[in-house]
Amino acid sequence: PLRRLRSARAERLVAAATAVGAGAVVVATALVRDGAVLAAQRTRPPALAGRWELAGGRVEAGEAEEDAVVRECREELGCAVSPTGRVGTDLLIDAGVLRVHAAVLVDGSAPTALEHAGLRWVGPAELEAVDWVDADRAVLPDLRALLGPS
Ligand code: DCM
């Protein structure tokens, strides 16, 4: 039936787009501790090096977003986190769509800059002054709401 054909074709198009690197889902982690959120300083690409982001990365095929958050934090920050829910709305970025998830550290775990130039805990009063990458800057109102008053 036509509906089924269209859907199979749509699935192939999505697969093709994913194969060329378009339309990826990227998760970013708003890791919160003691009323502050973790900012991580990028080392690449040159255009983004030195600017700050919420740690994260591409969701793999068949992977749940929450699992990608846990995996990326383990890989990039060497720490165990527990996701606590979405923050803000979907953000369009060059790589596809960026979805921010809040998370907390699992007891006894602490982040380390394994793939970043540095890390800093940012309280609500300092959020605006950080040189965030553009996509992450768009989440600041939601981060402020997440952290509460300074
Ligand atoms: N990205 C972003 N904000 C983040 C994390 C990632 O805008 N907090 C973007 C940068 C890249 C893409 O997502 O274009 C993939 O991220 P990475 O290069 O870290 O794998």
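In this text, all values refer to a predicted model and were calculated from it rather than measured experimentally.

1. Some remarks on the overall build of the chain
And step 1. Tallying secondary structure elements over the chain gives 4 helices and 7 strands in all.
And step 2. When the helices and strands of the chain are read in sequence order from the N terminus, they spell out α-β-β-β-β-α-β-β-β-α-α.
And step 3. Relative to its full complement of 150 residues, the chain shows a buried share of 41%.
And step 4. For the chain, the share of sequence-separated contacts (at least 6 apart) that also reach a separation of at least 24 residues comes to 67%.
And step 5. Carbon and sulfur atoms provide 54% of the accessible area of the chain, an area that totals close to 8,400 Å².

2. Details of the site of the ligand
And step 1. In the region of the ligand, the neighbouring residues are V26, A28, R42, R44, E53, L54, I93, A95, L98, V133, A135 and D136.
And step 2. At 3.1 Å from an oxygen atom of the ligand is found a side-chain nitrogen or oxygen belonging to R44.
And step 3. Residue D136 places a side-chain N or O atom 2.7 Å away from a nitrogen atom belonging to the ligand.
And step 4. Taken by itself the ligand offers 440 Å² of open surface, and the protein chains cover 82% of this.
And step 5. Going through the elements one at a time, β1 (24-33) and α3 (134-137) are the ones with two or more residues in the shell around the ligand.
And step 6. Looking at the shell around the ligand, its residues break down into 8 nonpolar, no polar and 4 charged.

3. Some thoughts on the packing of aromatic side chains
Both the distance between ring centres and the angle between the ring planes are used here to describe each pair of aromatic rings.
And step 1. Tallied over the full model, the rule gives 0 aromatic pairs.
And step 2. One cation-aromatic arrangement involves R120 over W52; the distance from NZ or CZ to the ring centre is 6.0 Å.

Parameters at a glance
Residues numbered from 1 in each chain as written. Predicted model: local features only at pLDDT ≥ 70, side-chain atom pairs only at ≥ 80, totals over all residues. Heavy atoms only, no water. Helix = DSSP H or I, 4+ residues; strand = E, 2+ residues; numbered from the N terminus. Buried < 20%, exposed > 50% of the residue type's maximum accessible area, 1.4 Å probe, protein only. Contact = heavy atoms within 4.5 Å. Areas by Shrake-Rupley, 256 points an atom, 1.4 Å probe, with all protein chains shown as cover. Near = heavy atom within 4 Å. Polar contact = N/O pair within 3.5 Å; in protein donor to acceptor, adjacent residues only side chain to side chain. Nonpolar A, V, L, I, M, F, W, Y, C, P; charged D, E, K, R; others polar. Phe/Tyr/Trp six-rings, centres within 6.5 Å; stacked < 30°, edge-to-face > 60°. Lys NZ or Arg CZ within 6 Å of the ring centre and 35° of its normal.

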